[in-house]
Amino acid sequence: NAGVMQNPRHLVRRRGQEARLRCSPMKGHSHVYWYRQLPEEGLKFMVYLQKENIIDESGMPKERFSAEFPKEGPSILRIQQVVRGDSAAYFCASSPASRGNTEAFFGQGTRLTVV
Amino acid sequence: AQTVTQSQPEMSVQEAETVTLSCTYDTSESDYYLFWYKQPPSRQMILVIRQEAYKQQNATENRFSVNFQKAAKSFSLKISDSQLGDAAMYFCAYRRPGGGNKLVFGAGTILRVKS
């Protein structure tokens, strides 16, 4: 059973370009979470999605950031018109359900560098 | 809003010795989950140990154990017989019931293991 797969592992973008980060959850998982880790800091929650639905986007910046989890295919975190401050590691986690004693499994992250 | 505080930016331990990492949290909930995650240089987030707030017994996983003090809102991690492979960043995290697997992380503690 493959774990949570994120790609690319490293992404370099120039200021003003778009960044697309992909996350394929573990098999059987229908819930996806995105986190951002700035240098020397802990992970900060961004958004929680189920298939075709955004459940909680309280941690998403109001502009330039969007996320989706379509019925088919991976979840996508999209950052438009990137700026230097977007440079960070972006982690995706998945879980099978929202209730009960379930655990979220993390991918290895995508390190975004904006030059 | 819930907050998680790790007051030790960095800790060192001699190989084979014991070290304790501190974590405090703030919540008005009575039922919740607490976690310790390990992040080695590979950036992979690895779940070390989990504690359900309704359980009075402290969780233990091999060389890792916690001291959960619910009234004090304290959740420390004890690593016994430290090994070189334990060197990593350690994050304490909180999850409230009903929020899916949305986690609130502390800022982390870097653990260095000396041979």
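An account of the accompanying structure is given in this report. (Residues numbered from 1 in each chain as written. Chains lettered and ligands numbered in written order. Predicted model: local features only at pLDDT ≥ 70, side-chain atom pairs only at ≥ 80, totals over all residues. Heavy atoms only, no water.)

## So, the overall build of chain A
- Counting its regular elements, chain A contains zero helices and 11 strands.
- Along chain A, from the amino end to the carboxyl end, the secondary structure elements read β-β-β-β-β-β-β-β-β-β-β.
- Counting only residues that meet the buried cut, chain A has 43% of its 115 residues in that class.
- For chain A, contacts bridging at least 24 residues in sequence account for 52% of all contacts bridging at least 6.
- Counting every atom, chain A has about 5900 Å² of accessible surface; 46% of that belongs to carbon and sulfur.
- Of the charged side chains in chain A, 17 are positive and 11 negative, and the gap between their average positions amounts to 6 Å. (Helix = DSSP H or I, 4+ residues; strand = E, 2+ residues; numbered from the N terminus. Buried < 20%, exposed > 50% of the residue type's maximum accessible area, 1.4 Å probe, protein only. Contact = heavy atoms within 4.5 Å. Areas by Shrake-Rupley, 256 points an atom, 1.4 Å probe, with all protein chains shown as cover. Lys, Arg positive; Asp, Glu negative; His and termini not counted. Charge placed at Lys NZ, Arg CZ, Asp CG, Glu CD.)

## Some points on the pairing of strand E9 (residues 88-95) of chain A
All names here are of chain A.
- Of all eight residues in E9, eight are buried, a share of seventy percent or more.
- What you see with E9 is no split at all: Ala-88, Tyr-90, Cys-92 and Ser-94 on one side and Ala-89, Phe-91, Ala-93 and Ser-95 on the other are buried throughout.
- Sheet topology places strand E4 (residues 31-37) next to E9; seven bridges connect them, and they run antiparallel. The residue of E9 that forms the bridge with His-31 is Ser-95.
- The pairing of E9 with strand E11 (residues 110-114) spans three bridges and is classified as antiparallel. Paired with Tyr-90 across the strands is Thr-110, a residue of E11.
- In terms of strand pairing, E9 meets strand E10 (residues 105-106) through two bridges, oriented antiparallel. Along E10, the bridge assignment pairs Ser-94 with Phe-105. (Pairing = 2+ DSSP bridges.)

## Let's talk about the interface of chain B and chain A
- Taken together, the contact between chain B and chain A spans 20 residues of the former and 28 residues of the latter.
- Summed over both sides, the interface of chain B with chain A buries roughly 2000 Å², with 44% coming from carbon and sulfur.
- When the buried area of chain B at its contact with chain A is split by residue, Arg43(B), Asn101(B) and Lys102(B) rank highest and sum to 34% of it.
- Seen at the junction of chain B and chain A, the total is one salt bridge. (Buried area = accessible area lost by both parts, 1.4 Å probe. Salt bridge = Lys/Arg side-chain N within 4 Å of Asp/Glu carboxyl O.)

## Comments concerning the state of the cysteines
- Tallying each qualifying case throughout the model produces two disulfides over all chains.
- Each sulfur of the disulfide joining Cys23(A) and Cys92(A) lies 1.8 Å from the other. Negative torsions about the S-S bond denote left-handed disulfides, and the value of about -55° found for Cys23(A) with Cys92(A) makes this one left-handed. Taken as a pair, Cys23(A) in strand E3 (residues 19-24) and Cys92(A) in strand E9 lie far apart in primary sequence, 69 residues in all. Taken as a pair, Cys23(A) and Cys92(A) share a single burial class, namely buried.
- The side chain of Cys23(B) participates in a disulfide bridge whose partner is Cys92(B); the two sulfur atoms lie 2.0 Å from each other. (Disulfide = S-S within 2.5 Å.)

## Here we look at the sheet that holds strand E7 (residues 65-68) of chain A
Residue and element names in this part refer to chain A.
- Ordered by their spatial adjacency, four strands build an open sheet running E1-E3-E8-E7, and the pairing between neighbours is antiparallel. Here the strands that pair on one side only, and so sit at the sheet edges, are strand E1 (5-7) and E7. Here the strands of the sheet are splayed against their neighbours by 15° on average, with no regard to which way each runs.
- Across four bridges, E7 lies against strand E8 (residues 75-79) in antiparallel orientation. Across the sheet, Glu-68 pairs through a bridge with Ile-76, a residue of E8. (Axes fitted to C-alpha atoms, helices over the stretch in contact; angles between N-to-C directions.)

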